[in-house]
Amino acid sequence: MDHNNQQETTHKPVKRKEMTRRQFLSYTLGGAGAFMAGGAILPMIRFAVDPILQKKEKSGFVKVIEESKVTSEPTEVKFKVHQVDGWYESDPKLAAWITKGDDGKIFALSPVCKHLGCMVSWGGEEAPNEYHCPCHGARYTKDGKNLKVAPKPLDEYEVKTENGWVYLGPIDPNSRV
């Protein structure tokens, strides 16, 4: 290749690939369609995700029993709690075993067994002066300490007393044992 031919091939104008009308319409309509679909889908996504984004309220305390009725013998108390789960509001019935400890302070234990979630009961022929789970024989002390079968102690409610009444709050891990 001589010098002149080489210059002509290196300095040829670059051929630009231009967009056709068909490509332009495809891109424009595709973009407009995606924008409209996003406008329709985003509110649905927001609707589904909104409950997750809401701040959880710390559950309040519920008045359950008069302070004078609490003894050193555990007493089962049933009560309702108002709860909101997304858009679903309910008032489930809960239970607690309330008693006075050796120190004179009132405490409340959750009746849910830590083995498989059955409901425990106090005393009886099988386990006098102990909590007993009828499902698999788990046993707990008066303070909720696990003695047999269950891997953990019974959970404890937050308790406060005010104006002669006992109020129960959220459930926490047992702090007594």
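Because the structure is a prediction, the values reported are computed rather than measured. (Residues numbered from 1 in each chain as written. Predicted model: local features only at pLDDT ≥ 70, side-chain atom pairs only at ≥ 80, totals over all residues. Heavy atoms only, no water.)

## A short note on the sheet that holds strand S10 (residues 146-148)
The sheet built from 4 strands is open, its strands ordered S7-S8-S9-S10 with antiparallel pairing. Two strands close off the open sheet at either side, each with one partner strand: strand S7 (121-122) and S10. One ladder, built from 2 bridges, connects strand S9 (residues 139-140) with S10; its direction is antiparallel. Across the sheet, residue Tyr140 finds its bridge partner in S10, namely Asn146. (Pairing = 2+ DSSP bridges. Helix = DSSP H or I, 4+ residues; strand = E, 2+ residues; numbered from the N terminus.)

## Here's the deal with the nonpolar core
Counting residues in each nonpolar core, the largest one holds 14 residues, and the members touching the most others are Val64, Ile65, Phe79, Ala96, Ile98, Val166 and Leu168. Contributing elements (two or more residues each) for this core: strand S1 (62-66), strand S2 (75-80), strand S5 (93-100), strand S6 (106-109) and strand S12 (165-172). For this core, the element with the highest residue contribution is S1, accounting for 3 residues. Dropping the residues within four chain positions of it, Val64 is found in contact with Val77, Phe79, Ile98, Val166 and Leu168. One finds Trp97, Leu109, Val120 and Ala138 within the second-largest nonpolar core, a separate group that totals 13 residues. (Core = buried A, V, L, I, M, F, W, Y, C linked by side-chain atoms within 4.5 Å. Buried < 20%, exposed > 50% of the residue type's maximum accessible area, 1.4 Å probe, protein only. Contact = heavy atoms within 4.5 Å.)

## Observations regarding the state of the cysteines
What the rule picks out here adds up to 1 disulfide. Residue Cys113 stays outside any disulfide, its sulfur separated by 3.8 Å from that of Cys133, the closest cysteine. Owing to a relative accessible area of 4%, Cys113 belongs among the buried residues under this scheme. Exposure remark for Cys133: the relative accessible area of 2% places this residue in the buried category. (Disulfide = S-S within 2.5 Å.)

## Looking at the sheet that holds S2
Taken in spatial order, the 6 strands make up an open sheet running S1-S12-S11-S6-S5-S2, and their pairing is antiparallel. The open sheet has two free edges, formed respectively by S1 and S2, since each of these has just one partner strand. Each neighbouring strand pair of the sheet contributes to a mean axis angle of 35°, computed without reference to strand direction. Bridge analysis of S1 against S12 gives 4 bridges, and the strand direction is antiparallel. Bridging from a neighbouring strand, Val62 pairs with Leu168 of S12. (Axes fitted to C-alpha atoms, helices over the stretch in contact; angles between N-to-C directions.)

## Focus: the side chain of Ser90
The topology assignment puts Ser90 in strand S4 (residues 88-90). With relative accessibility at 15%, the residue Ser90 sits in the buried group. Not counting residues within four places of it along the chain, the set of residues in contact with Ser90 comprises Val81, His82 and Gln83.

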